[in-house]
Amino acid sequence: MAEQFKNFIDGRWSAAQAAKTFENRNPANRNDLIGLFPSSSGEDVDAAVAAAKKTFASWRLVPAPKRGEIIFRVGELLRKHKEALARVETREMGKVLKETRGDVQEGIDCAFYVAGEGRRLFGETTPAELPNKFAMSVRTPVGVCALITPWNFPLAIPTWKLFPALICGNTVILKPAEDTPHTAVKFIEILNEAGVPPGVVNLVHGGGEEVGAALVRHRDVQLVSFTGSAAVGREIAAACGENLKRVSLELGGKNAQIVMEDADLDLAVEGALWGAFGTTGQRCTATSRLIVHRDVAKKVTEMLVDRARKIKIGDGLDESVEMGPLINDTARQKVLRYIDIGKQEGARLIIGGAIHDAGACANGYFFQPTIFDQVKPDMRIAQEEIFGPVLSIIEITSFDQAIEVLNGTRYGLSSSIYTADVGRAFRAMRDIEAGITYVNGPTIGAEVHLPFGGVKDTGNGHREAGTTVYDIFSEWKSIYVDYSGKLQKAQIDSVE
Ligand code: NAD
């Protein structure tokens, strides 16, 4: 009998109103059924929002340093359960253990980083323009927040949203992706054990169109924090716009790595492999374009193909495996479609391009590491997010052309340049249109104490992590205290 999981509302595990469920299976082996999860409805969303709304009244008054202590305990528990959590993640979404351990570590780092913010959350004091008057600004919580998350970082992304939301005094409803509900359950268990009070964090499983959309449209939800595809992000932004609701969006990417002719080629190839094929190319920051100077293009391509050929594909729970499966069949069909598109557009497929179903991989959604060369910057494979292990090599002949090609997509999340020329490095830092730029490092990877997010269609101007995330999850309030004992009028009485 498959294990049946529940929602978590107002501090209790509870079945959804309707008895419908959905299956969660291991993408490395479809025969491995992880469990059944509730296909929740609008009624479950109503219950979760009501709990979060009721609890907001008390949680917002808990001193922020105390809220920070609870988050610190969450960090300690995540550390204690790191290995078990990594295994849960790998089993339900496929990336290799080394990477899921990293995913949990990101959650731990985030907990310790945000816990300390409980003793900061700094506002400003500033002189008033009138005598005997005091002026300051403080952060206040926003209210009930809906956190809608994707499956590719099933623990890290929820922590990036949830800890800052909580430290600022908000209450939340987490709606995890349908492909990774088990990690969310484990995360909630840890939040409980750490002493997060009932109603502060609520979990509702289910589909985007049912649960996600109901949260976005709910009148008692003040803020939507979304990470996922640009298509869904647009819908959410429109719905939030209609209701004048605060919304932060972290969307897709078409990230590029530039390799100039003066680069350390071993380093650049190492970076490109990790960037393109880490997490089977399913990272928002994945390297999907390699922009290489013509003088070194042949050499770089040969080195890449040689290394890509040796990547060991398989079940991520096997420590020797380097690349796991794609998340599901829809994703695999999408990658296959782009292989056809690339060929039709005239790009040359030089390695991979097919499903990998040899031996033990027969029951999973595996795909070969794939590289196209002779790619033109405006081809669809160089413009659209494929979200799979597919790298497009584009040749350029100058630094200026490299920057132009890199900037020539509608996305702007991560970017990278490999060069030994400090002048080029600084020009790249200035001229690349992206939220993240690496010099002599791959496009993937982020540290929690720096802002994370992108420009153009990658988002709507917000940045998670860093100090900037608190601007998403708090409102600024300006406070004036007039102790002059008389009516003083700003701009009127202060004029000479
Ligand atoms: P997705 O947009 O399909 O789903 C993301 C979440 O939104 C899921 O929980 C889903 O159930 C929910 N959802 C779907 N339709 C909805 C609707 N109409 N209303 C409300 N919620 C809805 O994305 P995905 O396939 O889970 O994730 C992959 C995408 O996420 C890629 O495009 C990737 O680039 C992006 N991503 C971005 C970042 C970032 O920080 N920029 C990080 C990770 C992933």
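Reading the values: the criteria
- Residues numbered from 1 in each chain as written.
- Predicted model: local features only at pLDDT ≥ 70, side-chain atom pairs only at ≥ 80, totals over all residues.
- Heavy atoms only, no water.
- Helix = DSSP H or I, 4+ residues; strand = E, 2+ residues; numbered from the N terminus.
- Axes fitted to C-alpha atoms, helices over the stretch in contact; angles between N-to-C directions.
- Parallel < 35°, antiparallel > 145°, perpendicular 65-115°, else oblique.
- Contact = heavy atoms within 4.5 Å.
- Nonpolar A, V, L, I, M, F, W, Y, C, P; charged D, E, K, R; others polar.
- Left-handed = near helix turned anticlockwise from the far one by under 90°.
- Domains from an automatic or database assignment.
- Buried area = accessible area lost by both parts, 1.4 Å probe.
- Near = heavy atom within 4 Å.
- Polar contact = N/O pair within 3.5 Å; in protein donor to acceptor, adjacent residues only side chain to side chain.
- Areas by Shrake-Rupley, 256 points an atom, 1.4 Å probe, with all protein chains shown as cover.
- Expected span 1.5 Å × (residues − 1).
- Buried < 20%, exposed > 50% of the residue type's maximum accessible area, 1.4 Å probe, protein only.
- Salt bridge = Lys/Arg side-chain N within 4 Å of Asp/Glu carboxyl O.

Account for unusual backbone geometry, with residues named and values stated.
The phi dihedral of F387 is positive, around 60 degrees, even though this residue is not glycine. As for its position among the elements, F387 is in the loop between β15 (370-373) and β16 (390-396). The residue Q491 is not glycine, and still its phi comes out positive at about 70 degrees. Tracing the backbone through its elements, the reader meets Q491 in the segment after β21 (474-482).

Go over the packing of helix α4 (residues 97-117) against helix α5 (residues 156-167) with me, naming the residues and quoting the values.
Between α4 and α5, whose axes approach to 9 Å, the crossing angle comes to 10 degrees. As summarised for this structure, α4 and α5 are arranged roughly parallel, according to the angle between their axes. Across the interface between the two elements, D103, E106, G107, C110, A111, V114, A115 and E117 from α4 touch A156, T159, W160, F163, P164 and I167 from α5. Within the contact of α4 with α5, the residues separate by chemical class into 9 nonpolar, 2 polar and 3 charged.

Any details on the packing of helix α3 (residues 82-93) against α4? Residues and values, ideally.
At a minimum axis distance of 8 Å, the contact between α3 and α4 shows a crossing angle of 125 degrees. Relative to α4, the element α3 lies oblique. Both α3 and α4 take part in a crossing whose hand is right-handed. Seen from α3, the contacting residues are K82, E83, L85, A86, R87, E89, T90 and M93; seen from α4, they are L97, T100, R101, D103, V104, Q105 and I108. Taken together, the residues that form the contact of α3 with α4 break down as 6 nonpolar, 3 polar and 6 charged.

Explain the domain arrangement of the protein chain to me, using residue names and the numbers behind them.
Domains assigned within the protein chain are domain 1 (7-251 + 459-479) and domain 2 (255-439). A straight line from the C-alpha centre of domain 1 to that of domain 2 covers 31 Å. The partner domain 2 presents 29 residues to the 23 residues of domain 1 that form the contact. Summed over both sides, the interface of domain 1 with domain 2 buries roughly 2200 Å², with 54% coming from carbon and sulfur.

Can you tell me about the site of the ligand, naming the residues and giving the values?
Among the 28 residues in the neighbourhood of the ligand, the closest are listed as T149, K175, S229, L251 and E385. W151 is positioned such that a nitrogen or oxygen atom in its side chain is 3.2 Å from an oxygen atom of the ligand. Note that an oxygen atom of the ligand is positioned 2.6 Å from one of the side-chain N or O atoms of K175. A total of 860 Å² of accessible area belongs to the ligand in isolation, and the protein chains cover 89% of it. Those elements that provide at least two residues to the shell around the ligand are α7 (208-217), β10 (223-227) and α8 (230-242). Split by residue class, the shell around the ligand holds 15 nonpolar, 8 polar and 5 charged. Taken together, domain 1 (7-251 + 459-479) and domain 2 (255-439) each give at least three residues to the shell around the ligand, which thus spans both.

Break down helix α11 (residues 329-345) for me, citing the residues and quoting the values.
Taking 1.5 Å per residue as the helical rise, α11 with its 17 residues ought to reach 24 Å, and the 24 Å between its terminal C-alpha atoms agrees with that figure. When we look at burial in α11, the residues that qualify are A331, R332, V335, Y338, I339, I341 and G342. If you follow the buried residues of α11, they end up packed against β4 (29-38), β14 (348-351), β15 and β16. N-cap assignment for α11: the residue whose side-chain oxygen lies 3.3 Å from the backbone N of T330 is N328. G346 sits one or two residues past α11 and shows a positive phi near 100 degrees.

I'd like a rundown of the environment of A360, residues and numbers included.
As for its position among the elements, A360 is in the loop between β14 and β15. Relative accessible area serves as the criterion here: at 77%, A360 is assigned to the exposed category. Residues A360 and E475, 115 residues apart in the sequence, show an inter-C-alpha distance of 52 Å.

Could you give me a rundown of the pattern of salt bridges, with the residues and numbers involved?
Close approach of charged atoms allows side chains with opposite charge to pair. For the structure on display, the rule yields 32 salt bridges. Residues participating in the shared-partner salt-bridge network are E83, R87, R101 and E319.

Break down the environment of G123 for me, citing the residues and quoting the values.
Relative to the assigned elements, G123 resides in the loop between α4 and β5 (124-127). The class for G123 is partly exposed, based on a relative accessible area of 39%. Between the C-alpha atom of G123 and that of S137, which follows or precedes it by 14 residues, the distance is 5.2 Å. Not counting the four nearest positions on each side in its chain, G123 is found in contact with S137 and W476.

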